[in-house]
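# Examining the three-dimensional arrangement
Each chain, letter by letter, is given below.
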Amino acid sequence: MTAIVNQETCNGCGDCVEACPLDAIEVKDGKASVDEDTCGDCGACVDVCPTESIHVD
Ligand code: SF4
Ligand code: SF4
């Protein structure tokens, strides 16, 4: 399991980066990307994303 970002709808706001307790997300070229090895599947990023661009799967 890992957090997955919809690259079509992510607007690069960075809210998920701030919310992640494990520092697993970075924004590159205006899109968030998740380090799968670091993600702990907590769902914190899912809750804060204003565009509903992240899910945990
Ligand atoms: S699910 Fe949790 S650990 Fe994984 S990227 Fe989102 S906030 Fe970070
Ligand atoms: S919170 Fe959502 S819209 Fe903002 S950078 Fe993260 S995935 Fe993209």
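Nothing here was measured: the structure is a model prediction, and the numbers come from that model. (Residues numbered from 1 in each chain as written. Chains lettered and ligands numbered in written order. Predicted model: local features only at pLDDT ≥ 70, side-chain atom pairs only at ≥ 80, totals over all residues. Heavy atoms only, no water.)

### Points about the side chain of S53
Put simply, the test is: Here a strand is any run of E in DSSP of at least two residues, a helix any run of H or I of at least four, and the numbering for each starts at the N terminus. Under this definition, polar contacts are N or O atom pairs within 3.5 Å; protein pairs additionally need one hydrogen-donor-capable and one acceptor-capable atom, and for neighbouring residues in sequence, both atoms have to be side-chain atoms. Throughout, a residue-residue contact means that at least one pair of heavy atoms, one from each residue, lies within 4.5 Å.
Among the structural elements, S53 can be located in the loop between α2 (44-48) and β4 (54-56). A polar side-chain atom of S53 sits 2.7 Å from a polar atom in the side chain of T9. In this structure, S53 is in contact with I4, V5, N6, T9 and C10, ignoring residues within four places of it in sequence.

### Some points on the pairing of strand β3 (residues 31-34)
Note the cut-off: The cut-offs for exposure are 20% and 50% of the maximum accessible area for each residue type, with area from a 1.4 Å probe on protein chains only; residues under the lower value are buried, those over the upper are exposed, and the others partly exposed. When DSSP finds two or more bridges between two strands, those strands count as paired.
A one-sided burial pattern is seen for β3, the buried positions being A32 and V34 and the unburied ones K31 and S33. As consecutive antiparallel partners, strand β2 (residues 25-28) and β3 are separated by 2 residues, and within that stretch D29 has a phi angle of approximately 50°, a positive value.

### Focus: the nonpolar core
Test applied: Nonpolar cores were defined as sets of buried Ala, Val, Leu, Ile, Met, Phe, Trp, Tyr and Cys residues, with membership established by side-chain atoms within 4.5 Å.
Within the largest apolar cluster, 13 residues are counted, with the highest numbers of intra-cluster contacts made by I25 and I54. Within the residue set of this core, elements represented by two or more residues are β1 (3-5) and β3. Not counting chain neighbours up to four residues away, the residues in contact with I54 comprise A3, I4, V5, C16, C45, V46 and C49.

### Quick notes on the pattern of salt bridges
Applied cut-off: We define a salt bridge as a side-chain nitrogen of Lys or Arg found within 4 Å of a carboxyl oxygen belonging to Asp or Glu.
Summed over all chains, the structure comprises 1 salt bridge. The residue E26 makes a salt bridge to K28 at a minimum N-O spacing of 3.5 Å. For K28, a relative accessible area of 48% gives the class partly exposed.

### Quick look at the side chain of T2
Here T2 shows up in the segment before β1. T2 has contacts with V34, E36, C39, D41, H55, V56 and D57, leaving out every residue within four places of it along the chain.

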